[in-house]
Each structure stands twice: as C-alpha cells, then as structure tokens.
Amino acid sequence: MAMRAAILRHIRLPARAQTLAGPRSREWSLPGSSASRSMSSHGDDHLTKEEVVERVLAVVKSFPKVDPATVSPDVHFQNDLGLDSLDNVEIVMALEEEFKLEIPDLEADKIDSCRLAIEYIYNHPMAG
C-alpha cells in the first residue's frame, strides 16, 4: 500500500472539472492542453430502443443456423429457433462484438431470447 501511494504521488496529473448542461456530465482537460473531453454516463449518444431492437435482430438473423423469416423481438433462441446452448453462447458473443461491450458470464447465461438481449443491451450504459 505504501509503495502504491509513493508511485501515485509521482504520476498524478491535475485535472479540472467543470459542470456542463447536466448534473451527470463533466468536462475535463489536462493543464496546458486545449484538448477536452466530455464525459457522461448517459449522454445523447445512448442508443434508442429501436436501434437496439434493429441491431439485435440483425445479429440473430445473420446467424447461420437461423431462418431470418422466423426472427422477431419475442423469439426464444432454443424454443423457437431450435438452437442449442453453444449456439446461444455464440449469439451472445456476436452481440458483445456488435455493441462493443462485455457481458459477464452470469448475465450471458440468462440471455436466451431476443427480448432479454434487447433489454440487457438497452439498459447497459456502455452499449454503443
């Protein structure tokens, strides 16, 4: 712990925070730099529900073992599409890649339908 504190004392960079339009947004910049970055946990760049639905359905429809005509927001991967548990894992991995996020194994095991995938991704603050 003492070593960590000693290292941090030497590498600290002061940053100044300024309040922007909302209580959950901040801007930071390094001293002597004109570059700044806006940080927000749920800014304007958050995906709409319609965007999430469209992209989730596109991922599922592109899966080789799936007939695209059978895919809807309410479809269950195993019961309706006849996929097995390995296929389910592959679809979740494709969703992680599509939305550039990592779904923990405990959560990924629960995602067995388009509806659950849509809800999880829409509510995930880092989905992009």
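Here, every reference points to the structure presented above.
Residues numbered from 1 in each chain as written. Predicted model: local features only at pLDDT ≥ 70, side-chain atom pairs only at ≥ 80, totals over all residues. Heavy atoms only, no water.

Novice: Please explain the overall build of the protein chain as it appears in this structure.
Specialist: In terms of helices and strands, the protein chain carries five helices and three strands. What you see in the protein chain, going N to C, is helices and strands ordered as α-β-β-β-α-α-α-α. Considering the protein chain as a whole, with its 128 residues, one finds that 30% of them fall into the buried category. Long-range pairs, those at least 24 residues apart, make up 43% of the contacts in the protein chain between residues at least 6 apart in sequence. (Helix = DSSP H or I, 4+ residues; strand = E, 2+ residues; numbered from the N terminus. Buried < 20%, exposed > 50% of the residue type's maximum accessible area, 1.4 Å probe, protein only. Contact = heavy atoms within 4.5 Å.)

Novice: Please clarify how the side chain of His124 should be interpreted in this entry.
Specialist: Among the structural elements, His124 can be located in the segment after α5 (114-123). At 3.0 Å, the side chain of His124 forms a polar contact with the backbone nitrogen of Met126. Once you skip the residues sitting within four places of it in the chain, His124 turns out to touch His46, Leu101 and Glu102. (Polar contact = N/O pair within 3.5 Å; in protein donor to acceptor, adjacent residues only side chain to side chain.)

Novice: What am I meant to see in the layout of surface pockets here?
Specialist: Empty space among the atoms becomes visible once a probe the size of a water molecule is rolled across them. Roughly 200 Å³ of internal volume is contained in the second largest pocket. Looking at the lining of the second largest pocket element by element, the count peaks at six residues for helix α3 (residues 85-99). Each residue belonging to the lining of the second largest pocket can be placed in one class, and the counts come to five nonpolar, three polar and four charged. (1 Å grid on protein atoms, 1.4 Å probe; cavity = no way out; pocket = protein on both sides within 12 Å on 5 of 7 lines; lining within 4 Å. Points joined across faces, edges and corners; volume = space filled by probe spheres on them. Nonpolar A, V, L, I, M, F, W, Y, C, P; charged D, E, K, R; others polar.)

Novice: Honestly, helix α2 (residues 49-61) in this entry has me stumped. Any pointers?
Specialist: Residues that lie three or four places apart on an α-helix share one face, since the helix turns once every 3.6 residues. For α2, built from 13 residues, the straight-helix expectation of 18 Å at 1.5 Å per residue is met to within 8% by its first-to-last C-alpha distance of 18 Å. For α2, the complete set of buried residues consists of Val52, Val53, Val56, Leu57, Val59 and Val60. Looking straight down α2, one finds its buried side chains confined to an arc of 160°; they lie on one side. Away from its buried face by more than 90 degrees, α2 exposes Glu50 and Glu54. (Expected span 1.5 Å × (residues − 1). Arc of directions from axis to C-beta.)

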